[in-house]
Amino acid sequence: MLLKSYPVFSHEYFMQKALTLAEEAFDQGEIPVGALVVADGKTIIGKGYNQTEKLTDVTAHAEILALSAASQYLGAKYLKDCTLYVTLEPCMMCAGALAWSQVSRIVFAASDEKRGFSLWEPSVLHPKTEVIKGVLANEAGALLKAFFRRLRQ
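What counts, and at which threshold
- Residues numbered from 1 in each chain as written.
- Predicted model: local features only at pLDDT ≥ 70, side-chain atom pairs only at ≥ 80, totals over all residues.
- Heavy atoms only, no water.
- Helix = DSSP H or I, 4+ residues; strand = E, 2+ residues; numbered from the N terminus.
- Expected span 1.5 Å × (residues − 1).
- Buried < 20%, exposed > 50% of the residue type's maximum accessible area, 1.4 Å probe, protein only.
- Arc of directions from axis to C-beta.
- UniProt positions renumbered as here; feature names shortened; annotations may be inferred.
- Contact = heavy atoms within 4.5 Å.
- Pairing = 2+ DSSP bridges.
- Core = buried A, V, L, I, M, F, W, Y, C linked by side-chain atoms within 4.5 Å.
- Axes fitted to C-alpha atoms, helices over the stretch in contact; angles between N-to-C directions.
- Parallel < 35°, antiparallel > 145°, perpendicular 65-115°, else oblique.
- Nonpolar A, V, L, I, M, F, W, Y, C, P; charged D, E, K, R; others polar.

1. Digging into helix 5 (residues 137-152)
So, step 1. Spanning 16 residues, helix 5 covers 22 Å between terminal C-alpha atoms, matching the ideal 22 Å at 1.5 Å per step.
So, step 2. Within helix 5, burial applies to Ala 140, Gly 141, Leu 143, Leu 144 and Phe 147. Seen end-on, helix 5 carries its buried residues on one side only, within an arc spanning 160°. Pointing more than 90 degrees away from the buried face of helix 5 are the exposed residues Asn 138, Lys 145, Arg 149 and Arg 152.

Written out as structure tokens, the structure reads:
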């Protein structure tokens, strides 16, 4: 995987890159969620999109794949000074993994009103983790709605 370092960009910049990954999931028939991990506000060190169908693995969520790639890149299990950008609010499983990784910040686009961690246990995250929600929420929500509309046809 080729990793690029960027000057410090906005949350919208990196969320747009996560949306591109979500579109890739959409094109492959997966629930369109994309995620990436950025170190020090400028270097993408891990990325992923949902692959639960492709890998026949219920744990192959975008966040888990991005966390694994970032940990391998750093050679460390903790992702301090890193930000996870994800197009949909993490579920409880992913929130637990994010807590264990000690990621510094989570930025998500659309809220998950059925399975999002904040509905069940908002304190599941590491106490020092900052959460920013709603970045490009309309775009992420539209992609999710289009996916489920197509699924029901």
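Moving on, there is more to tell.
2. With respect to the UniProt feature "binding site: Zn(2+)" (unreviewed entry) in the chain
So, step 1. Taking the UniProt record as the reference, the feature "binding site: Zn(2+)" (unreviewed entry) is found at His 61, Cys 91 and Cys 94. A stretch of 34 residues holds the annotated residues, and the largest C-alpha distance among them is 9.3 Å, short enough that they meet in one place.
So, step 2. Position of Cys 91 among the secondary structure elements: in the loop between strand 3 (82-88) and helix 3 (92-101).
So, step 3. With near-sequence residues (within four places) excluded, Cys 91 lies in contact with His 61, Glu 63, Arg 115 and Phe 117.
So, step 4. The topology assignment puts Cys 94 in helix 3.
So, step 5. By relative accessible area, Cys 94 is classed as buried at 0%.
So, step 6. Apart from the residues lying within four places of it in its own chain, the contact partners of Cys 94 are His 61, Glu 63 and Ile 64.

3. Section: the pairing of strand 1 (residues 34-39)
So, step 1. The element strand 1 is largely enclosed, with a buried count of six among its six residues.
So, step 2. In strand 1, alternate side chains face the same way, and those of Gly 34, Leu 36 and Val 38 on one face and Ala 35, Val 37 and Ala 39 on the other are all buried.
So, step 3. Across six bridges, strand 1 lies against strand 2 (residues 43-49) in antiparallel orientation. Each bridged residue has a counterpart across the sheet, and for Leu 36 the counterpart in strand 2 is Lys 47.
So, step 4. Turn length for the strand 1-strand 2 hairpin, with the two strands adjacent in sequence and antiparallel, is three residues, and the turn residue Asp 40 shows positive phi of about 55°.
So, step 5. Sheet topology places strand 1 next to strand 3; five bridges connect them, and they run antiparallel. Opposite Val 37, over in strand 3, you have Leu 84 as the bridge partner.

4. Regarding the nonpolar core
So, step 1. Counting 40 residues, the largest nonpolar core has Met 15, Leu 36, Val 37 and Leu 84 as the members making the most contacts within it.
So, step 2. Where this core is concerned, the elements lending two or more residues are helix 1 (11-27), strand 1, strand 2, helix 2 (62-74), strand 3, helix 3, strand 4 (105-110) and helix 5.
So, step 3. Among the elements that take part in this core, helix 1 stands out by supplying six residues, more than any other.
So, step 4. Excluding residues within four positions of it along the chain, Val 37 makes contact with Thr 43, Ile 44, Ile 45, Gly 46, Ala 66, Leu 67, Ala 70, Cys 82, Thr 83 and Leu 84.

5. Some points on the packing of helix 1 against helix 5
When two helices pack together, their arrangement is given by the angle between the helix axes and the distance between those axes.
So, step 1. Contact geometry of helix 1 with helix 5 gives a least axis separation of 11 Å together with a crossing angle of 0°. Judged by the angle between their axes, helix 1 and helix 5 are roughly parallel. The residues of helix 5 that touch helix 1, namely those facing Leu 19, Ala 22, Glu 23 and Phe 26, are Glu 139, Ala 140, Leu 143, Ala 146, Phe 147 and Arg 150.
So, step 2. Among the residues making up the contact of helix 1 with helix 5, the classes are represented as seven nonpolar, no polar and three charged.

6. A word on the UniProt feature "active site" (unreviewed entry) in the chain
So, step 1. As annotated in UniProt, the feature "active site" (unreviewed entry) corresponds to Glu 63 in the numbering used here.
So, step 2. Note that Glu 63 resides in helix 2.
So, step 3. A residue is classified by how much of its surface remains accessible, and Glu 63, at 3% relative accessible area, is buried.
So, step 4. The contact partners of Glu 63, leaving out residues within four places of it in the chain, are Ala 35, Leu 84, Val 86, Leu 88, Pro 90, Cys 91 and Cys 94.

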